[in-house]
Amino acid sequence: MQFFERPILNSPYEIPRAHWELDGDGRPTDTIIDRRRRADLVSPIPAPKRRGGRGRQTEMVLDTGHGLSTEDQEYNPSPIINELREAIERWRALPNPEQWQVTPVTATLLRHWRALQADATQRFRPFFCQVEAVEAAIWLAEVAPKSGARGRRFLDYLKLANAGANPDLFRVALKLATGAGKTTVMAMLIAWQAINAARSPSSKAFSRAFLIIAPGITIRDRLRVLLPSDESYYRDRGLVPSDLLPDLGRAKVVITNYHAFKLREQLPLASGTRAALTGHGPRIETLETEGQMLRRVIPDLMALKNVMVINDEAHHCYRERPDAEAAKLTGDERKEAEENAEAARLWISGIEAVKRHLDLGAVYDLSATPFFLSGSGWTEGTLFPWVVSDFSLMDAIECGIVKLPRVPVADNLPSAYTPLYRDLWPTIRSRMPRKNRGEAKPDPAKLPIELQTALDALYGHYVKTFEEWEHAGVGVPPVFIVVCNNTTNSELVAEYISGYERETADGELDFHQGRLELFRNFTDDGHRLPRPRTLLIDSQRIDSGEAIDKAFHDVYAAEIDAFRREKAHREGAEAAKAITDEDILREVMNTVGRKGKLGEHVRCVVSVSMLTEGWDANTVTHIFGLRAFGTKLICEQVIGRALRRLSYDPDPETGLFGVEYADIMGIDGLNFSAQAISAPVKTPREVVHVHAVRPDRDALEITFPRVEGYRVELPDERLEADFSKLEPYVLDPHKVGPAQVTMQGIVGMPEQISLDYLKAMRPSELVFKLASHLISHTLRDANERPKLHLFGQARTVTRQWLDSGLLVCKGGTVPAQLCYKQLADEVCDLIAGAINTNPSGGQIIRAVLDPYNPEGSTADVGFTTSQPDRYDPRADRSHVNWIVLDSGWEAQLAQAIEDHPRVRAYAKNHNLGFEVPYLYEGAPRRYLPDYLVRLDDGTTLVLEVKGFRGHDAAIKAATMRDKWVPAVNRLGRFGTWAFAEFREPFGMADQLDRLITDVLTRDHAA
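Residues numbered from 1 in each chain as written. Predicted model: local features only at pLDDT ≥ 70, side-chain atom pairs only at ≥ 80, totals over all residues. Heavy atoms only, no water.

**Re the packing of helix α22 (residues 763-778) against helix α23 (residues 791-803)**
Consideration 1: Two elements in contact, α22 and α23, have axes separated by 8 Å at closest approach and are oriented at 120°. Viewed along their axes, α22 and α23 adopt a mutual orientation that is oblique. Regarding α22 and α23, the two cross each other, and that crossing is right-handed. Here Ser764, Leu766, Val767, Phe768, Leu770, Ala771, Ser772, Leu774 and Ile775 of α22 come into contact with α23, specifically with Phe791, Ala794, Arg795, Thr798, Arg799 and Leu802. (Axes fitted to C-alpha atoms, helices over the stretch in contact; angles between N-to-C directions. Helix = DSSP H or I, 4+ residues; strand = E, 2+ residues; numbered from the N terminus. Parallel < 35°, antiparallel > 145°, perpendicular 65-115°, else oblique. Left-handed = near helix turned anticlockwise from the far one by under 90°. Contact = heavy atoms within 4.5 Å.)

Written as structure tokens, this is what we have:
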């Protein structure tokens, strides 16, 4: 039996090792064996390189699939952290409190916290990382000034680090991974400072005035547990001994969000009124002053000295680098960088205003990712140089205090170098629906097929988790998060998942049911559920207090009343009366996964920038990323939303936490170590002019119709189809995306995710949905009602196609995926083509020509090219002087065409303007065949050379054969046309001869 080592947080002074048992295939199981009971075991797997005191790492950033970060990557912390950790370890090991060089109050608190940590009977025991972070702050504030040159070295370093980025401020950053308990650390910092200040009021080393700054209203509300007068952590978690609580009560704590620092208009004026009042004099100042702003934001602190600031999610707070070059960003990335810079500027300006008007002490920063953001002028992802304590995400995962993240490590897409669902966004971003001003809302059913498959795959695993939680009696559902890049896409995904209504041209509401059953917000007959299961949120609008969706106001009456009572108890009756719809929705978000609260029933959350931080739901089990995650910082922030544990109850036998997993798709830990690329001088290519040789070769001119579309004339009584000429319709991972994915974490059990849950769809249900699509969309002309009396026959024809064996599912794909709108469009288009070619159906398809330019000609060719692969055609066969080749096979076919005696003229379809409209993945496309060949009897052949035949080749061929050719031949004015594909490079001459013979024979017989 083999075992794999990992550290388990189980001791107040060290992180002992434990082992994950490996199964027969060498994969870790869920069994954790404490080393104290199996001390004789050794690990066969070499541990990753460690840095820092006690042999444990200081920083190992989660890098999904590419290994852990190395010494050379910019996410490694400064070596000063390791040196400080070693100094604190030596200090911690001193047995006599009199040697600690701290005040009696501080010594009492340290002994109390360490005793809590060692007491297994306590419900809430501080984690080692929490005590370690507070110890770092205490050591720097109390011990370092008394430690001579060694202590001054660390303080001088911090002063220098702040001077370069935060002039006139003294910031100390504590890095704690998501789920490591930053709020508890804040409470411990406040208790340490406030009680010392109460016992030694004349000391300038401590403060009883605290300003806590949060990045938004959501987090601000959550931090109310830090108010000594409220239901606080100090009492509930026993962080302060009972005899010291009265001293803590003398502290003044103000909690605000940084938006409050923005100067407000005292006299709102319209621009015209302001201009009239100003006249030619100086500008009228109506903004409040800094002093007025501070009296509004922190009135309770205005008369106090030595105010201590605590920044929560402090990576939003920095001063932009003044001499930095602006980063070259575009689109959403540039917008995000600008928003980051504006927020950081407002945040730190508020702190600087406090310093100018009050006596400011130390500033403590807490963040899981204290890195500079884009727009800061610093290299994105650079660690704040004033970080003094580091407990990374990898530490948290190894110590078992968070869930184990699993990401795609393999799939059944053979051509992919990395799993597609690891980083899906680059593959689909160009095909995401776009919303332009003045246009109709995009169709949620037209999301890219790979996205629909990925959602189905991860949702299928969610269904299993949902059933397991119900069986275990958890009482609340697991939560599935989708993080999008903008509000348009978040709305589309939410509608696709949960259902939506659209107003038709007639003013009626057209209902569309959600694709994922457990997330639907509607009943099957279109009524909205009283308890919505899917929540659409834009946190930036919530945090700034802007108006958002109000759909929850009526359906949560009982919970809203409870929320009002709770707010009245905390903040008074006036605050309860002033509750807005934004407050209600914010409370829904804050209480996701909590019994008896507004968010209890939420199963799916679709967001834009929300959930990158400050959301402490512990029921999140699945995350789907649908945006660019440009840095590891963003990846870690979003992944962290799923890592808060559901249970912190240790196993009674081992004393260790049980294993919990979080499954994540679409979020990749990217490597940004860019390499220099040389640019050698290149010789310019020869440029030639390709044109029709006129008038010398005008006899070789070929004309053709410009077809814009097809019009279906459906027979009134009978639908029959002939599928004998149709090719198989293949569903495989190349077409729809991987259908089998292996999810694996750094440690723990792997998980296989597939589309098996879709196999539950009955064949009759699939036939019904495809037949409905055939009648309602494919066989329906614009502005006409569907011919519902033909539905029975459409269902029969659809069942015949499904039973014919023409549907081939490979690589874990399933027939139910044909319900994706794009695939339904393709399949129904093929079925309609088979109906159109049936003689008993009559002449039911016609070509719709371009009304402005219905006819094209080789005489219009004229362009320049530097393409080196060219063919010089015979002057008596081609109207155009050059044939531009895309492959060697095209040259072979050109030779065969020129040598055939029945050929009178031919042309390569390059810049010719000959296009064939067809439908692929639900979107209109244009197909450009390779050659037009005119025979001596006037027949024109359309020829295609296929070296590689992709999924759309069959659709193109079916369109040519079943729509374009019969529709154009029916017009009569363009003569007779035929189509053929050439797939064998060594028999093209023989194949061309057989084709011409068959076409001429058929024409003569007709």
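**Quick notes on the sheet that holds strand β8 (residues 360-367)**
Consideration 1: As summarised here, the arrangement of the six strands in space is β6-β5-β7-β8-β4-β9, forming an open sheet in which the pairing is parallel. With partners counted over all chains shown, the strands left at the sheet margins are β6 (252-257) and β9 (387-391), one partner each. The sheet shows a mean angle of 15° between the axes of neighbouring strands, direction not considered.
Consideration 2: By the bridge criterion, four bridges tie strand β4 (residues 171-176) to β9 in an arrangement that is parallel. By the bridge assignment, Leu176 is partnered in β9 with Phe391.
Consideration 3: Together, β4, β5 (209-214), β6, β7 (307-312) and β8 form the strand contacts of helix α5 (residues 182-199), whose direction differs from that of β8 by roughly 160°. (Pairing = 2+ DSSP bridges.)

**A closer look at the pattern of salt bridges**
Consideration 1: Following the criterion strictly, the structure yields 43 salt bridges and no others.
Consideration 2: With its nearest N and O atoms 3.1 Å apart, the salt bridge here joins Glu132 to Arg85. A residue pair is termed long-range when its members are at least 10 positions apart, and Glu132 in helix α3 (residues 128-143) and Arg85 in helix α1 (residues 79-92) qualify at 47 residues.
Consideration 3: Residue Arg85 is classed as buried on the basis of its relative accessible area, which comes to 6%.
Consideration 4: With a shortest N-O distance of 3.5 Å, Glu495 and Lys441 are connected by a salt bridge. Linking Glu495 in helix α15 (residues 487-498) with Lys441 in the loop between α13 (425-428) and α14 (449-472), this pair joins segments that are 54 residues apart in sequence.
Consideration 5: Judged by its relative accessible area of 11%, Glu495 falls in the buried class.
Consideration 6: What makes Lys441 partly exposed here is its relative accessible area of 39%.
Consideration 7: One connected set of salt bridges, linked through shared partners, spans Arg406, Lys464, Asp663 and Glu751. (Salt bridge = Lys/Arg side-chain N within 4 Å of Asp/Glu carboxyl O. Buried < 20%, exposed > 50% of the residue type's maximum accessible area, 1.4 Å probe, protein only.)

**Thoughts on the pairing of β5**
Consideration 1: Most of β5 is tucked away, with six of its six residues classed as buried.
Consideration 2: Sheet analysis places β5 next to β6, joined by six bridges and oriented parallel. Within the sheet, the bridge partner assigned to Ala214 lies in β6 and is Asn257.
Consideration 3: In this structure, β5 lies alongside β7, joined through four bridges in parallel fashion. Paired with Ile213 across the strands is Asn311, a residue of β7.

**Quick word on the packing of aromatic side chains**
Consideration 1: A complete count under the given rule lists 25 aromatic pairs for this structure.
Consideration 2: Seen in terms of ring centroids, Tyr318 and Phe372 are 5.8 Å apart; in terms of plane orientation they differ by 70°. Their pairing is edge-to-face. Within this pair, whereas Tyr318 is found in the loop between β7 and α11 (331-357), its partner Phe372 is found in the loop between β8 and β9, the two being separated by 54 residues in sequence. The same class applies to Tyr318 and to Phe372, which are both buried.
Consideration 3: Arranged with centres 5.9 Å apart and planes meeting at 85°, the rings of Tyr648 and Phe657 form a pair that is edge-to-face.
Consideration 4: Tyr648 sits in the partly exposed class, given a relative accessible area of 34%.
Consideration 5: Residue classification places Phe657 among the buried residues on the basis of a relative accessible area of 17%.
Consideration 6: Three or more aromatic residues joined by ring pairs make a cluster, and in this case those are Tyr459, Tyr462, Phe466, Phe480, Phe519 and Tyr757.
Consideration 7: Above the ring of Trp100, the side-chain terminus of Arg114 is found at 5.0 Å from the ring centroid.
Consideration 8: Of note, Arg237 hangs over the ring of Tyr233, and the distance from its end group to the ring centre comes to 4.1 Å. (Phe/Tyr/Trp six-rings, centres within 6.5 Å; stacked < 30°, edge-to-face > 60°. Lys NZ or Arg CZ within 6 Å of the ring centre and 35° of its normal.)

**With respect to the sheet that holds strand β30 (residues 903-908)**
Consideration 1: A sheet is described by the order of its strands in space; here four strands give the open sequence β30-β33-β34-β35, paired in mixed fashion. Each having just a single partner strand, β30 and β35 (977-982) make up the two edges of the open sheet. If you compare each strand with its neighbour and ignore which way they point, the axes differ by 20° on average.
Consideration 2: Helix-sheet contacts for helix α25 (residues 888-899) involve β30, β33 (931-935), β34 (940-945) and β35, and the interaxial angle to β33 is about 10°.
Consideration 3: Contacts from helix α26 (residues 951-971) reach β34 and β35, with the element oriented near 165° to β35.

**Brief notes about the confidence of the model for the chain**
Consideration 1: This prediction gives the chain a mean pLDDT of 80; 80% of its residues lie at or above 70.
Consideration 2: Confidence over residues 1-77 falls short of pLDDT 50; this stretch has 220 contacts with residues more than four positions distant or in other chains.
Consideration 3: pLDDT under 50 marks residues 543-550. Its contacts with residues more than four places away, or in other chains, come to 20 contacts. (pLDDT = per-residue confidence, 0-100.)

**Some points on unusual backbone geometry**
Consideration 1: Here the residue pair Arg694 and Pro695 is connected by a cis peptide bond, since its omega of 0° sits within 30 degrees of zero.
Consideration 2: Tracing the sequence through the fold places Pro695 in the loop between β18 (688-691) and β19 (703-705).
Consideration 3: Even without a glycine there, the phi angle at Asp168 is positive, about 75°.
Consideration 4: Position of Asp168 among the secondary structure elements: in the loop between α4 (148-165) and β4.
Consideration 5: Among the residues examined, Asp168 registers a relative accessible area of 65% and is labelled exposed.
Consideration 6: Residue Asn306 is not a glycine yet carries a positive backbone phi of 55°.
Consideration 7: Position of Asn306 among the secondary structure elements: in the loop between α10 (290-297) and β7.
Consideration 8: By relative accessible area, Asn306 is classed as buried at 17%.

**Quick look at the nonpolar core**
Consideration 1: Residues Trp113, Trp139 and Leu189 are the most contacted members of the largest nonpolar core, which totals 118 residues.
Consideration 2: At 11 residues, α5 tops the list of elements feeding residues into this core.
Consideration 3: In contact with Trp139, other than residues within four places in its own chain, are Leu84, Ala87, Ile88, Trp91, Ala144, Pro145, Ser147, Arg150, Gly151 and Phe154.
Consideration 4: Leu818, Leu830, Ala832 and Ala958 belong to the second-largest nonpolar core, a separate cluster that totals 109 residues. (Core = buried A, V, L, I, M, F, W, Y, C linked by side-chain atoms within 4.5 Å.)

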